[in-house]
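In case you want the letters, here they are:
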Amino acid sequence: MLSSLSRVGLSLRRVPLHSSFYGGLQSSQTSAWLHGQASQQHEHTDERSWRIGNSTAAVLFGGALVAVAAYGITEAKTLKADAPAVLMDKDLRQRFGVRKAGLPEYSLDDVAKHATLQDRVWVSFNNGVYDVTEFVAKHPGGDKILLGAGGSVEPFWTLYAVHKRADVLELLETFRIGNLREDEVGVSTENMSDPYALEPRRHVALKPASKTPFNAEPSPQLLVENLYTPNDLFYVRNHLPVPVVKESEYSLEVCGLGVQERHLSLTDIKKFPKHTITAAVQCGGNRRSEMVKVRPVKGLSWGHAAISNATWSGALLSDVLRSAGFDETNTQARHVQFEGLDLDPTSHPYGASIPLWKAVERSGDVLLAYEMNGETLPRDHGYPLRVIVPGVVGARNVKWLSRIVISEDESDSHWQQNDYKGFAPNVDWDTVDFSKSPAIQEMPVVSAICDPAPGEAVTPVDGKVTVRGYAYSGGGRKIVRVDISSDGGKSWRAVECLDSDAAEHPRAWGWSLWTAKVEVPKGTKNLDLVVKAVDSNYNTQPENFENIWNLRGVLSNAYHRVSVKVK
């Protein structure tokens, strides 16, 4: 394993991303990184930062690293299903960080002298200077916040627009100590390009859950029109800006325990035997918007279309590893780590890992994919190369793949260690310990009604209405039955039609689309539709969300319920 600091340097050499944006950060960030290695006290106290609400606190300074920025440590009871509105830059600057009479004035050099807990931690925003030492010392993840110490928070907030919220800025103002010199206001961002300026064009049918980074799903009705989701309508889950990658400059590093370090071009990878599989990819937060109705959770408010199905073609990961000399019968390694070319402001890549057995077994079908539905990978889906780990949560299917590491340890990335994990319903943000729960790998069985939509008025034809949806189970388990109820779950029957690809358990990686004709008795004014799926291991879905609620809103697979009106 490379040290964190050397990884920063390596990432900068590998990635041709918006150099003016990242370059403008690098000198101060490298210095701050060195200061940030000291361990911090992560105490859950009732200081002002916590009283205002951990949700706000989590995104205040966390842009320095997505471990704090994108998700943060949040107090579930203060959260709502949808985050407060993001403010436009003009409104934000007019309302917050404005010059205040009677406060001392500081230069950027003055702020830069305060980059450690020993010197006190200062940051600037707009016209304001803030001493956030008290916040940093008591906030879980404070060492990460120190990556932005002694400078402006604005470069980070350009990357993570979620911070541009009234509640975040109100909290920041409680730490105000002075004004920034007038001639230095805006200097931190004046030569900085927009990290999202070169994002790909998206289909208008995708409904964004967030725009920067871009995350979106199609309408449920559109989702089930095709067994193989068209590339333009495949749901998009990005954690960071989409990197700009030239195929001629692309190189994949393979390294770690028991392998000869290799650097492979896309041409090299295409020399391996080409394999094609059908696999659904599902976000760990799919259907989160239903779980939030039980109690608030933290995360993007996904509907039930954060899942899609496609054919994927590429080289088997097991073939690539064996070509580098890896012998799975003689190794201490237990995990295979992946890193992408998408970087946070500190040049840390998105990362994840999977168990070694999944990676090396040919029947695991883990692909280094360069084609999607027979076409070159679109940029939003990982061009030029991504990992497809079939049957496993989407978070491990790393896009824009740059590095593969064979290791004794899991990836140390935020998304592996401090996110995409499930907890008991009694665990809240005051008691959660991410180290006590395993990272999600295989997904549980799930299904959803996609047509008709909730509240829709339907017209029976010959006394029946048509209901359509999808069903899926992780781990290669095939959907064997979907049950539907039209009376709220009092009575059930199996749907008539299940459509899927030909793969069988335990390598059934794709989803199934189902159709049912539901009888409507005369005089019926409302139908309470409910659906549940059964997989080839006879796993089925839990009845309600109360029993599976968790503070991150992942693994949302309770019965799906849709009420409609009858014309």
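Predicted, not measured: the structure shown is a model, and the values here were computed from it.

Procedures and definitions
Residues numbered from 1 in each chain as written. Predicted model: local features only at pLDDT ≥ 70, side-chain atom pairs only at ≥ 80, totals over all residues. Heavy atoms only, no water. Helix = DSSP H or I, 4+ residues; strand = E, 2+ residues; numbered from the N terminus. Buried < 20%, exposed > 50% of the residue type's maximum accessible area, 1.4 Å probe, protein only. Contact = heavy atoms within 4.5 Å. Pairing = 2+ DSSP bridges. Axes fitted to C-alpha atoms, helices over the stretch in contact; angles between N-to-C directions. Core = buried A, V, L, I, M, F, W, Y, C linked by side-chain atoms within 4.5 Å. pLDDT = per-residue confidence, 0-100. Salt bridge = Lys/Arg side-chain N within 4 Å of Asp/Glu carboxyl O. Phe/Tyr/Trp six-rings, centres within 6.5 Å; stacked < 30°, edge-to-face > 60°. Lys NZ or Arg CZ within 6 Å of the ring centre and 35° of its normal.

A. The overall build of the chain, seen in detail. Helix and strand content of the chain: 17 helices and 28 strands. Taking all 567 residues of the chain together, 58% fall into the buried category. In the chain, once contacts between residues fewer than 6 apart in sequence are set aside, the share between residues at least 24 apart is 75%.

B. Geometry of the pairing of strand 19 (residues 401–407). Counted residue by residue, strand 19 has 7 buried out of 7 residues, so it is predominantly covered. Two strands pair when backbone bridges link them, and strand 10 (residues 252–256) and strand 19 are joined in this way by 4 bridges, in the parallel orientation. Across the sheet, the residue bridging to Val254 is Ile404, located in strand 19. One ladder, built from 6 bridges, connects strand 14 (residues 335–343) with strand 19; its direction is antiparallel. Bridge pairing in strand 19 links Gln337 to Val405.

C. The sheet that holds strand 22 (residues 464–472), seen in detail. Taken in spatial order, the 4 strands of this open sheet run 20-22-26-25, and their pairing is antiparallel. Each of the sheet's edge strands pairs with one partner strand only, and the pair in question is strand 20 (446–451) and strand 25 (497–499). Taken over all neighbouring pairs, the strand axes of this sheet differ in orientation by 25° on average, direction set aside.

D. Examining the environment of Glu361 more closely. Assignment of secondary structure puts Glu361 in the loop between helix 16 (356–360) and strand 16 (367–372). We classify Glu361 as partly exposed; its relative accessible area is 38%. Along the chain, Glu361 and Asp319 lie 42 residues apart, while their C-alpha atoms are 9.7 Å from each other.

E. Spotlight on the nonpolar core. Ranked by size, the top nonpolar core spans 59 residues in total, and within it Leu401, Ile404 and Tyr470 carry the most contacts. Counting 21 residues, the second largest nonpolar core, distinct from the first, contains Val445, Ile449, Ile484 and Leu529.

F. Looking closely at the sheet that holds strand 27 (residues 526–535). With respect to topology, 5 strands assemble into an open sheet ordered 21-28-27-23-24, the strand pairing being mixed. The open sheet has two free edges, formed respectively by strand 21 (457–458) and strand 24 (493–494), since each of these has just one partner strand. Examined bridge by bridge, strand 27 and strand 28 (residues 560–566) share 6 bridges and lie antiparallel to one another. Looking at strand 28, one finds that Leu529 is bridged to Val562.

G. How the structure looks around the confidence of the model for the chain. Confidence in the prediction of the chain, expressed as mean pLDDT, is 85, and 81% of residues score 70 or more. Scored below 50 in pLDDT, residues 1–83 makes 219 contacts in the model with residues more than four places away or belonging to other chains.

H. Up close: the pattern of salt bridges. The final tally for this structure, using the stated rule, is 24 salt bridges. Put simply, Glu339 and Arg403 hold a salt bridge, and the shortest N to O gap is 3.1 Å. Here Glu339 is found in strand 14, whereas its partner Arg403 is found in strand 19, with 64 residues between them in sequence. Both residues of the pair, Glu339 and Arg403, belong to the buried class. Here Asp365 ties to Arg507 by a salt bridge, and the two come within 2.7 Å at their closest N and O atoms. One end of the pair, Asp365, is in the loop between helix 16 and strand 16; the other, Arg507, is in the loop between strand 25 and strand 26 (512–519), and 142 residues separate them in sequence. Look at Arg507 and you get partly exposed, because its relative accessible area is 38%. A cluster of three or more residues bridged by salt bridges with shared partners is formed by Lys100, Glu173 and Arg176.

I. Spatial organisation of the environment of Glu546. Structurally, the position occupied by Glu546 is in the loop between strand 27 and strand 28. Once the C-alpha coordinates of Glu546 and Lys293 are considered, the two residues, 253 residues apart in sequence, prove to be 9.5 Å apart. Setting aside residues up to four positions removed in sequence, Glu546 forms contacts with Val294 and Pro425.

J. Summary view of the side chain of Ser152. With respect to the element layout, Ser152 can be found in strand 5 (residues 151–152). The buried category is assigned to Ser152, whose relative accessible area is 8%. With near-sequence residues (within four places) excluded, Ser152 lies in contact with Ser124 and Ser188.

K. Fine view of the packing of aromatic side chains. Counting across every chain of the model gives 9 aromatic pairs. For the pair Phe234 and Tyr235, a centre-to-centre distance of 5.9 Å together with 20° between the ring planes defines the contact as stacked. Accessibility expressed as a relative area gives 5% for Tyr235, which makes it buried. Both rings, one in Phe234 and one in Trp312, keep their centres 5.7 Å apart while their planes meet at 85°; by these two values the pair is edge-to-face. In this pair, Phe234 is assigned in the loop between helix 12 (220–223) and strand 9 (236–237) and Trp312 in strand 13 (residues 307–316), connecting sequence segments 78 residues apart. Residue classification places Phe234 among the buried residues on the basis of a relative accessible area of 2%. A relative accessible area of 0% places Trp312 in the buried class. Seen from the ring of Phe214, Arg202 lies directly overhead, with NZ or CZ sitting 4.0 Å from the centre. The ring of Trp549 carries Arg295 above its face, with NZ or CZ at 3.7 Å from the centroid.

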